[in-house]
Protein chains: 2
Amino acid sequence: MLVADTFKALGDPVRLQMIQRLSQSTQYTVGSLSAGLGLTRQGARKHLQLLADAELVSLQPRGRQTKVTLDATTLAHAKRFITELELQWDQRLLALKDFVENDVPTKQTNT
Amino acid sequence: MLVADTFKALGDPVRLQMIQRLSQSTQYTVGSLSAGLGLTRQGARKHLQLLADAELVSLQPRGRQTKVTLDATTLAHAKRFITELELQWDQRLLALKDFVENDVPTKQTNT
DNA sequence: ACATTGTGCAACTAAATGGTTGCACTTACT
DNA sequence: AGTAAGTGCAACCATTTAGTTGCACAATGT
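Only a predicted model underlies this, so the values are computations on that prediction, with no experimental measurement involved.

Enquirer: What am I meant to see in the interface of chain A and chain B here?
Expert: In many reports, interface size means the accessible area that the parts give up when they come together. Across the boundary between the two partners, chain A contributes 38 residues, which contact 38 residues of chain B. Across the chain A/chain B interface, buried area totals approximately 3,700 Å², and carbon plus sulfur atoms make up 67% of it. On the chain A side of the interface with chain B, the three residues burying the most area are Lys79(A), Leu85(A) and Trp89(A), jointly 17% of the side's total. Between Glu86(B) and Lys79(A) there is a salt bridge, with the nearest N and O atoms lying 2.9 Å from each other. Remark: the boundary between chain A and chain B carries 10 residue pairs in polar contact (both at pLDDT 80 or more). Mapped onto the side of chain A that touches chain B, the elements with two or more residues apiece are α1 (3-10), α2 (13-24) and α5 (72-102) of chain A. Among the elements that line the side of chain A that touches chain B, the one with the most residues is α5(A), at 14 residues. Grouping the constituent residues of the side of chain A that touches chain B by class yields 19 nonpolar, 14 polar and 5 charged.

See the structure below:
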């Protein structure tokens, strides 16, 4: 599973709100989670499936209803990706500062 | 600008690679950034426009060419959003643990 | 046994997305 | 002045996405 898929799944207001709700309660079912989002249950269910495919949530059938829980692991992966970008970015700025101050050429990756 | 728009912009392999490149060098132009991605320059340009609209990169015309730089601020916002989700999630788990161990009812947000 | 509740799935439609080609235009080089 | 380089923009096409309606079906409650 690519990180891009995780971001893609997070890139929708409805799905983000679902995730946000799920971070606040462990008691959600497909029905309760789909209510009050301004679209039909079936519409919401499609979003939910996307989140499940991206492994951001897991669906556990419990008799008549299906429990929905957050998968914090995938969320953590996405966060880590951003953190690493920021690290590279900071190093770049540092190298640039070095170049300006001391005339030490910085290694160029691309032109 | 909604956080969802940031995630949406990050939710594509081509755009993620662009962001990754930009985190490694401050020397990119539209042309150099668009090369070697397996699609036409005009195709890449569309992705770049999306990133610019999401304020993940900024485009600065420099005579004949256009310089592209990363906007780390927006990236930081996205990261923060995830961090806050994780915080709520952790608190939830803690409350749940409390409930199981001590039979202290936890405040339910939803049913 | 029967009704109701919670869910899943398929078909369909409108709009957004990802990609292409073709062309115009300005900046720089000789 | 003439050519090449770097870009921007519009038109077009195929695919995916976001939403709907309609229906089937198993689990629960009376």
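Enquirer: Any chance you could explain the layout of surface pockets here in plain terms?
Expert: In this approach the atoms are scanned with a rolling probe the size of a water molecule, which exposes any empty space left behind. Residues and elements named next belong to chain B. Considering only enclosed or pocket space, the largest pocket measures out at about 210 Å³ in volume. The wall of the largest pocket is formed by Met1, Leu2, Val3, Thr6, Ala54, Glu55, Asp71, Thr73, Thr74, His77, Ala78 and Phe81. Listed by contribution, the elements that provide at least two residues to the lining of the largest pocket are α1 (3-10) and α5 (72-102). When residues in the lining of the largest pocket are grouped by element, the largest group, 5 residues, is from α5. Classifying every residue of the lining of the largest pocket by side-chain character gives 6 nonpolar, 4 polar and 2 charged.

Enquirer: Where do I start with the protein's contact with DNA strand D in this structure?
Expert: As a matter of local geometry, DNA strand D sits amid 21 residues, with Thr40(A), Lys46(A), His47(A), Gly31(B) and Arg45(B) nearest to it. Arg45(B) is positioned such that a nitrogen or oxygen atom in its side chain is 2.4 Å from a phosphate oxygen of DNA strand D. Contact distances for DNA strand D include 3.1 Å between a phosphate oxygen and a backbone N or O atom of Thr66(B). If you list the elements that add at least two residues to the surface near DNA strand D, you get α4 (41-53) of chain A together with α3 (30-34), α4 (41-53) and β2 (65-70) of chain B. Considering every element that reaches the surface near DNA strand D, the biggest residue donor is α4(A), with 5 residues. Taken together, the residues of the surface near DNA strand D sort by class into 3 nonpolar, 10 polar and 8 charged.

Enquirer: Any chance you could explain α4(B) here in plain terms?
Expert: Side chains that are three or four residues apart share a direction in an α-helix, a result of its 3.6 residues per turn. Residue and element names in this part refer to chain B. Helix length check: α4, at 13 residues, gives a terminal C-alpha distance of 18 Å against a target of 18 Å (1.5 Å per residue), a fit within 8%. Residues of α4 that are buried include every one of Ala44, His47, Leu48, Leu51 and Ala52, and no others. The buried residues of α4 occupy an angular sector of 145° when projected down its axis, which confines them to one face. Those residues of α4 that are buried lie in contact with α1, α2 (13-24), α3, β1 (57-62) and β2. A positive backbone phi angle near 60° is found at Glu55, which sits one or two residues after α4.

Enquirer: What is the right way to read the packing of α1(A) against α1(B) from this model?
Expert: Packed helices, taken two at a time, are described by the angle their axes make and the gap between the axes. One way to put it is that α1(A) packs onto α1(B) with a least axis distance of 7 Å and a crossing angle of 150°. When the axis of α1(A) is compared with that of α1(B), the two are roughly antiparallel. When you trace α1(A) past α1(B), the crossing you get is left-handed. Between α1(A) and α1(B), the contacting residues are Ala4(A), Phe7(A), Lys8(A) and Leu10(A) on the first element and Ala4(B), Phe7(B), Lys8(B) and Leu10(B) on the second. A class-by-class count of the residues in the contact of α1(A) with α1(B) yields 6 nonpolar, no polar and 2 charged.

Scoring rules and cut-offs
- Residues numbered from 1 in each chain as written.
- Chains lettered and ligands numbered in written order.
- Predicted model: local features only at pLDDT ≥ 70, side-chain atom pairs only at ≥ 80, totals over all residues.
- Heavy atoms only, no water.
- Contact = heavy atoms within 4.5 Å.
- Buried area = accessible area lost by both parts, 1.4 Å probe.
- Salt bridge = Lys/Arg side-chain N within 4 Å of Asp/Glu carboxyl O.
- Polar contact = N/O pair within 3.5 Å; in protein donor to acceptor, adjacent residues only side chain to side chain.
- Helix = DSSP H or I, 4+ residues; strand = E, 2+ residues; numbered from the N terminus.
- Nonpolar A, V, L, I, M, F, W, Y, C, P; charged D, E, K, R; others polar.
- 1 Å grid on protein atoms, 1.4 Å probe; cavity = no way out; pocket = protein on both sides within 12 Å on 5 of 7 lines; lining within 4 Å.
- Points joined across faces, edges and corners; volume = space filled by probe spheres on them.
- Near = heavy atom within 4 Å.
- Expected span 1.5 Å × (residues − 1).
- Buried < 20%, exposed > 50% of the residue type's maximum accessible area, 1.4 Å probe, protein only.
- Arc of directions from axis to C-beta.
- Axes fitted to C-alpha atoms, helices over the stretch in contact; angles between N-to-C directions.
- Parallel < 35°, antiparallel > 145°, perpendicular 65-115°, else oblique.
- Left-handed = near helix turned anticlockwise from the far one by under 90°.

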